[in-house]
Amino acid sequence: MTNTGLVKVGGVSAVLALVLYIVAAIVYFAGVGQVDSDDTAKFLLAVSDNRAAYLTSTWLALLGAALLIPAALGFFQALREAAAVLWIAVAAMFTGALLFMATAIIQLGVGYELAPGYVEASDATKPALTVIASTLDRINDVANEIGLILLFGIGVLLFALASLRTSIAPKWVGWLGLLGVIFAWLSALEPVVEALGAQNGIAFVISMVWMGVMGVVLLRWREPATTTSPS
């Protein structure tokens, strides 16, 4: 694949990732609604009652996370001349995307097996299933937080800084990415400062918008012409 082809694939992947996450959010909140996952029993009942919406939104989120990997390669290909450390950004986004995919797979397991199993379980069995669901939820929280820091706190940080050093994208695009980075790192303080809990969602939204905008930038990207010295 040519350099231009890789950049274009990255651009398409970034735009599609944003679209898939938007659709996933709409499907989830329209179908399942705002359910506090800390109330494990209520959450499992809501998932069981709205399995189609829950599973559809989770599959869309899984595909969106997978598309972040080729998006990172496209960003790297277009911006690699701006900084020598962009391989760190690629590695961070790869790892973060894999963590997001892992959490989506766990959520699929909850939707396909755990939630309906909880509804059909006896009163004696339900407490054990509640503990399992609560444990999986905590694992997901940790994996999502680490993934968010890797993807947006490190990956977007380096790519946004690199974009500010080039004329590939308007400067406001780079500053938008850095804004998402700030909220991503603030979200890391959530266990310490409970009031910062909303930073996680804000960081995700801003950074994914940056992804989509950068995807459009990549789709318009043209490989710099190589100059040859006269013989």
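This section reports on the structure supplied with the text. The numbers attached to residues start from 1 for each chain and follow its sequence in the written order. A pLDDT threshold of at least 70 governs which residues receive local features in this predicted model, and a stricter bar of 80 or more applies before side-chain atom pairs are shown or counted, although totals over entire chains, interfaces and linings include all residues. Note that water and hydrogens are dropped before the side-chain values are worked out from all heavy atoms of the structure.

Quick word on the overall build of the protein chain
Tallying secondary structure elements over the protein chain gives seven helices and zero strands in all. We count a stretch as a helix when DSSP gives it H or I for four or more residues in a row; a strand needs E for two or more, and each element gets its number in order from the N terminus. Along the protein chain, from the amino end to the carboxyl end, the secondary structure elements read α-α-α-α-α-α-α. Overall size of the protein chain, expressed as C-alpha extent along the three principal axes, is 85 × 35 × 25 Å. Working definition: with a 1.4 Å probe on protein chains only, accessible area under 20% of the residue-type maximum means buried, over 50% means exposed, and in between means partly exposed. Classification of the 231 residues of the protein chain by burial places 46% in the buried group. Excluding contacts between residues fewer than 6 apart, the proportion of contacts in the protein chain whose partners are at least 24 apart in sequence is 78%. The accessible surface values rely on the Shrake-Rupley method and a 1.4 Å probe; as for residues, cover is taken only from the protein chains in view. For the protein chain, the exposed area adds up to about 11500 Å²; of that, 69% sits on carbon and sulfur atoms. Residues count as neighbours in contact if any of their non-hydrogen atoms are within 4.5 Å of one another.

As for a nonpolar patch on the surface
Side chains of L179, I182, L186 and L189 sit close together on the surface and give an oily, nonpolar patch of about 320 Å² of accessible area. Looking at where L186 falls in the secondary structure, it is placed in helix 6 (residues 171–187). Patches here: salt-bridge-free residues with over 30% relative accessible area, like charges joined within 9 Å, nonpolar side chains (Val, Leu, Ile, Met, Phe, Trp, Tyr) joined within 5 Å. Salt bridges are identified by distance alone: a Lys or Arg side-chain nitrogen within 4 Å of an Asp or Glu carboxyl oxygen.

Observations regarding the environment of A162
For A162, the location among the structural elements is in helix 5 (residues 126–164). Judged by relative accessible area, A162 falls into the buried class, the value being 1%. When the C-alpha atoms of A162 and G147 are compared, they prove to be 21 Å apart, with 15 residues separating the residues in sequence. Not counting residues up to four positions away in its chain, the partners in contact with A162 are L79, A82 and L86.

Thoughts on helix 6
Here helix 6 is 17 residues long and its end C-alpha atoms lie 25 Å apart, about the 24 Å a rise of 1.5 Å per residue gives. Among the residues of helix 6, V173, G174, G177, L178, G180, V181, F183, A184 and S187 are the ones counted as buried. How far a helix is expected to stretch is found by multiplying one less than its residue total by 1.5 Å.

Structural notes on the pattern of salt bridges
Counted under the stated rule, the structure contains three salt bridges. Across the pair E81 and R80 runs a salt bridge, and its minimum N-O distance is 4.0 Å. Its relative accessible area of 72% is what places E81 among the exposed residues. According to the relative accessible area criterion, R80 is partly exposed, its value standing at 35%. With a shortest N-O distance of 3.8 Å, R138 and D141 are connected by a salt bridge. Of this pair, R138 and D141 both sit in helix 5, three residues apart, which is roughly one turn of the helix. Judged by relative accessible area, R138 falls into the partly exposed class, the value being 40%. Through salt bridges that share partners, D137, R138 and D141 make up one connected network.

Quick look at the packing of aromatic side chains
Here the aromatic set is Phe, Tyr and Trp, taking the six-membered ring for Trp, and pairing holds for ring centres within 6.5 Å; pairs whose planes are under 30 degrees apart are stacked, those over 60 apart are edge-to-face, and all others are tilted. Evaluated as defined, the whole model comprises nine aromatic pairs. Ring geometry for F43 against Y54: centres 6.2 Å apart, planes inclined by 75°, an arrangement best described as edge-to-face. Of this pair, F43 sits in helix 2 (residues 40–49) while Y54 sits in helix 3 (residues 51–79); the two residues are eleven residues apart in sequence, bridging distant segments of the chain. Each member of the pair F43 and Y54 is classed as buried. Seen in terms of ring centroids, F152 and F204 are 5.8 Å apart; in terms of plane orientation they differ by 70°. Their pairing is edge-to-face. Note that F152 is positioned in helix 5 and F204 in helix 7 (residues 199–219), a separation of 52 residues in sequence. Among the aromatic side chains, those forming a connected cluster through ring pairs are Y21, F100, F152 and F204.

Side note on the side chain of T166
Of note, T166 is situated in the loop between helix 5 and helix 6. Sequence-distant contacts of T166, that is, excluding residues within four places in its chain, are made with L79, A82 and K171.

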